[in-house]
Amino acid sequence: MAIRFASLGSGSKGNGTLVASGDHCLLVDCGFTIKETERRMMRLGLSPAELSAILVTHEHSDHMAGVGPLARKYRLPVYLTPGTLRARDFGALPTVQLIEGHQPFVVGDIQVTPVAVPHDAREAAQFVFRSRGSSLGLLTDLGTITPHVESHYGDCDALVLEANHDPMMLAQGPYPPSLKRRVGGAYGHLSNQQAAGFLQRIGSQRLQHLVVAHISEKNNSLELARAALADAAAQAANCIFACQQEGFDWLQIEKAE
């Protein structure tokens, strides 16, 4: 079986993505309490005891608040960059695996390639996963699409991509000016238009699944995100929009012939 993936939730109130292949399952980020993580995983037919590892993209609480407690309860190894480890107090972790130099590493059947991204965190990384002839890219929490980022995501079979905000809604919304500058800046989050431009450049024709994620509940709407990404969504075989409460259910990548 090639890669399958699902989400516990996507947004500023908590994030978690499951990536599975064969007998191995990874949890990328955990921004929920143990009880809530268990509940959301149960909805997807899994227990945290079945996880092989937790990967952490960066130290913001909506991505890491539950990492330490979950790792300690279920004795799970945690993979993260040295900068992310130093940036926050994760407490005692059973096993720490440092991601060095953004070099690929392997967990069970899954090869993981960390990708450095521009975000207002100490050493943020996103990931590309490969297993059994299939590939999945996770790309959220970055303010700019750099050439380095673009070079890693052009051949993915499935992609989870941030479309965080609409610039007009952000400008007219309730955030204070400093937070508006942060979200809309080069180290903040991708707008609908940035996400659409990225997909136009790399092409979405080969994507079996395009998941639009980390959509702001205050500075964006499904209607605006759908409109901005309509052309790319039409070219992908399947396009869905992740939500904060439910994330999205399991999606299967078919192995390329």
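No experiment lies behind these values; they were computed from the predicted model shown.

A. Fine view of the UniProt feature "domain: Metallo-beta-lactamase" (unreviewed entry) in the chain. UniProt's entry tags residues 13-189 with the feature "domain: Metallo-beta-lactamase" (unreviewed entry), counted in the numbering of this structure. Along residues 13-189 the backbone is 28% helical and 28% strand, and the end-to-end C-alpha distance reaches 15 Å.

B. Molecular detail of the packing of aromatic side chains. Applying the stated rule across the entire model yields three aromatic pairs. Taken together, a centroid distance of 5.7 Å and an interplanar angle of 80° make the contact between F5 and F248 edge-to-face. Taken as a pair, F5 in strand β1 (residues 4-9) and F248 in strand β14 (residues 248-252) lie far apart in primary sequence, 243 residues in all. The same class applies to F5 as to F248, namely buried. Against the face of W250 rests R4, its NZ or CZ located 4.0 Å from the ring centre.

C. Representation of the packing of helix α1 (residues 34-43) against helix α3 (residues 67-74). Viewed as axis vectors pointing N to C, α1 and α3 meet at an angle of 75°, and their least axial separation amounts to 9 Å. Comparing the axis directions of α1 and α3 gives the class roughly perpendicular. Of α3, the residues touching α1 (which contributes I34, T37 and E38) are P69, L70, K73 and Y74. The residue inventory of the contact of α1 with α3, partitioned by class, reads four nonpolar, one polar and two charged.

D. Structural context of empty space enclosed by the protein. The full count for this structure, using the stated rule, is one cavity of 30 Å³ or more. Put simply, the largest cavity is a space of about 150 Å³. Of all elements in the fold, only β1 and β2 (16-21) reach the threshold of two or more residues within the lining of the largest cavity.

E. Fine view of the environment of Q103. Mapped onto the fold, Q103 is located in the loop between β6 (95-98) and β7 (105-107). Between the C-alpha atom of Q103 and that of R132, which follows or precedes it by 29 residues, the distance is 20 Å. Non-local contacts of Q103, meaning those with residues more than four positions away in its chain, are made with V112 and P114.

F. Region of the structure containing the layout of surface pockets. In this structure, the largest pocket spans a volume of roughly 370 Å³. When residues in the lining of the largest pocket are grouped by element, the largest group, three residues, is from helix α7 (residues 177-184). Among the residues forming the lining of the largest pocket, the class breakdown is four nonpolar, 11 polar and six charged. What the second largest pocket holds in volume is close to 150 Å³. For the second largest pocket, the full set of lining residues is A196, G197, L199, Q200, G203, S204, A228, L229, D231, A232 and Q235. At the level of elements, α8 (192-202) and α10 (230-235) are the ones that each hand at least two residues to the lining of the second largest pocket. The element that contributes the greatest number of residues to the lining of the second largest pocket is α8, accounting for four residues.

Parameters and conventions
- Residues numbered from 1 in each chain as written.
- Predicted model: local features only at pLDDT ≥ 70, side-chain atom pairs only at ≥ 80, totals over all residues.
- Heavy atoms only, no water.
- UniProt positions renumbered as here; feature names shortened; annotations may be inferred.
- Helix = DSSP H or I, 4+ residues; strand = E, 2+ residues; numbered from the N terminus.
- Phe/Tyr/Trp six-rings, centres within 6.5 Å; stacked < 30°, edge-to-face > 60°.
- Buried < 20%, exposed > 50% of the residue type's maximum accessible area, 1.4 Å probe, protein only.
- Lys NZ or Arg CZ within 6 Å of the ring centre and 35° of its normal.
- Axes fitted to C-alpha atoms, helices over the stretch in contact; angles between N-to-C directions.
- Parallel < 35°, antiparallel > 145°, perpendicular 65-115°, else oblique.
- Contact = heavy atoms within 4.5 Å.
- Nonpolar A, V, L, I, M, F, W, Y, C, P; charged D, E, K, R; others polar.
- 1 Å grid on protein atoms, 1.4 Å probe; cavity = no way out; pocket = protein on both sides within 12 Å on 5 of 7 lines; lining within 4 Å.
- Points joined across faces, edges and corners; volume = space filled by probe spheres on them.

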